[in-house]
Amino acid sequence: MIKKHRKPSIKLRQLEALFRRLNTNHPRRKDVEDDLFKARAGYKGEQQLDYDLTFLRDHEFLILSDLRLPHQGKHFQLDSLLISPYFFLHIDAKHLSGKIEIDHTLGQMKRVRLNNESDVYNDPTLQIKRHEMQLREWMQVNKHNVLPFESLVVFTHPNAYLTILNGHPYRRRIIKNGLLIEKITGLQQKYRRPVFSHKDLEKICRQLIKQHTPSWENLLSKYSISPVDIMTGVFCPKCGWRPMERIHGNWRCINQSCKYEDRSCHLAALDDYALIFGSEITNPQLRTFLRIPSRTTAFRIVQSMGVTHRGKQRYRVFYLPIEH
Ligand SMILES: [Zn+2]
């Protein structure tokens, strides 16, 4: 049973928003684009994993996607966590194409793309072992019994050709997605002694979801981008024209061949704002970003959204929601 569905991560949505609004000639645009493509590929791999898991039959797993949990003042992230009364299984998806070689002796993974360019990463089993340890500690801190724990690195790209160099101690944990169900079935046969009741399991599941902490990162400082390099205005959802004009409570596209009108186009723009600048916004900031001159209109917009606020009069700060 799926207990936590997958959605695009905050990180991916932040990169999408930044890429959409960063000035087209900005020197860091290529870096943002590269990171955006990586994040999109990661999400694609995770979706493939979710699809593969739908072929799991007669199981007692509760499935949680994309968990980010607190651990000793930091956080760790799990792509997919399957919990059952018998054992827990963590699956990390890797959506890379090309020739991939994993060398545990050096702790590295090398990927050679079709165009012969190569990238070097850490051996992915190092990360899953670390996450395994962190989840064990999380279980102890939250006063649960520790049960057998398994983890897998699953390569989800159809054009991934894998080589695992001899002597890799965890080579059985690295597979391509085609083998996933067979592998999980094997693990189900291995662990037959229940450690948890279904009630315990539901409780752990609720706790995991409650402690899930989505991350928002200040991308402007990460890429050294100045706020003035972010395009303001409402984008037309139909033709992409910017800025739309606000007339009598309506947003109107000023592209003469489009002329699209809608009352709620500011919502997407304010989503972008929150993803790029964070959820706090003042009335003047809102007016600048949406390009509306009137203070009252700006106030009416935040009021209609029902957002929370702090402070009085012109020092008032509103909190835009960031959907998790
Ligand atoms: Zn338009």
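Conventions used here
Residues numbered from 1 in each chain as written. Predicted model: local features only at pLDDT ≥ 70, side-chain atom pairs only at ≥ 80, totals over all residues. Heavy atoms only, no water. Helix = DSSP H or I, 4+ residues; strand = E, 2+ residues; numbered from the N terminus. Buried < 20%, exposed > 50% of the residue type's maximum accessible area, 1.4 Å probe, protein only. Contact = heavy atoms within 4.5 Å. Areas by Shrake-Rupley, 256 points an atom, 1.4 Å probe, with all protein chains shown as cover. Lys, Arg positive; Asp, Glu negative; His and termini not counted. Charge placed at Lys NZ, Arg CZ, Asp CG, Glu CD. Pairing = 2+ DSSP bridges. Axes fitted to C-alpha atoms, helices over the stretch in contact; angles between N-to-C directions. Left-handed = near helix turned anticlockwise from the far one by under 90°. Nonpolar A, V, L, I, M, F, W, Y, C, P; charged D, E, K, R; others polar. Expected span 1.5 Å × (residues − 1).

## Concerning the overall build of the protein
Working step 1: Counting its regular elements, the protein contains nine helices and 16 strands.
Working step 2: Over its C-alpha atoms, taken along the principal directions, the protein stretches across nearly 65 × 50 × 35 Å.
Working step 3: Going through the 324 residues of the protein one by one, you find that 44% of them count as buried.
Working step 4: Counted over contacts in the protein with a minimum sequence separation of 6, partners at least 24 positions apart contribute 60%.
Working step 5: For the protein, the exposed area adds up to about 17900 Å²; of that, 50% sits on carbon and sulfur atoms.
Working step 6: In the protein, 53 side chains carry a positive charge and 33 a negative one; their mean positions are 5 Å apart.

## A word on the sheet that holds strand 9 (residues 160-164)
Working step 1: With mixed pairing, four strands are arranged side by side in an open sheet as 7-6-5-9. Two strands close off the open sheet at either side, each with one partner strand: strand 7 (118-122) and strand 9. Adjacent strand axes in the sheet meet at a mean angle of 20°, parallel and antiparallel pairs treated alike.
Working step 2: Here strand 5 (residues 98-103) pairs with strand 6 (residues 108-112) via five bridges, running antiparallel.

## Some remarks on unusual backbone geometry
What you tend to see is this: most non-glycine residues have negative phi, and most peptide bonds are trans.
Working step 1: A cis amide bond links Arg 242 with the next residue in sequence, Pro 243, at an omega value of -5°.
Working step 2: Tracing the backbone through its elements, the reader meets Pro 243 in the loop between helix 6 (219-222) and strand 11 (245-247).
Working step 3: A positive phi is found at Gln 72, a non-glycine position, where the angle reads about 45°.
Working step 4: Position of Gln 72 among the secondary structure elements: in the loop between strand 2 (62-71) and strand 3 (74-83).
Working step 5: According to the relative accessible area criterion, Gln 72 is exposed, its value standing at 67%.
Working step 6: The phi dihedral of Arg 291 is positive, around 55°, even though this residue is not glycine.
Working step 7: Within the secondary structure layout, Arg 291 lies in the loop between helix 8 (283-290) and helix 9 (295-305).
Working step 8: Given the relative accessible area of 42%, Arg 291 is considered partly exposed.

## Remarks on the environment of Leu 62
Working step 1: Relative to the helices and strands, Leu 62 is located in strand 2.
Working step 2: In this structure Leu 62 comes out as buried when scored by relative accessible area, which is 7%.
Working step 3: Linking Leu 62 and Phe 88, residues 26 residues apart in sequence, is a C-alpha distance of 9.6 Å.
Working step 4: With near-sequence residues (within four places) excluded, Leu 62 lies in contact with Met 1, Lys 3, Leu 81, Leu 82, Ile 83, Leu 201, Glu 202 and Cys 205.

## A look at the packing of helix 7 (residues 266-277) against helix 8
Working step 1: Relative orientation of the contacting elements helix 7 and helix 8 amounts to 115°, with a least axis distance of 11 Å. As for the relative orientation of helix 7 and helix 8, their crossing is right-handed in sense. Within the contact between the two elements, helix 7 uses His 266, Ala 269, Leu 270, Tyr 273 and Phe 277 and helix 8 uses Gln 285, Leu 286, Phe 289 and Leu 290.
Working step 2: Taken together, the residues of the contact of helix 7 with helix 8 sort by class into seven nonpolar, two polar and no charged.

## Regarding helix 2 (residues 29-53)
Working step 1: Helix length check: helix 2, at 25 residues, gives a terminal C-alpha distance of 36 Å against a target of 36 Å (1.5 Å per residue), a fit within 8%.
Working step 2: Along helix 2, the positions that sit buried rather than exposed are Arg 29, Val 32, Leu 36, Ala 39, Tyr 43, Gly 45, Glu 46, Leu 49, Asp 52 and Leu 53.
Working step 3: Where helix 2 is buried, its residues meet helix 1 (10-21), strand 2, strand 3, strand 4 (88-94), strand 8 (149-155) and helix 4 (180-190).

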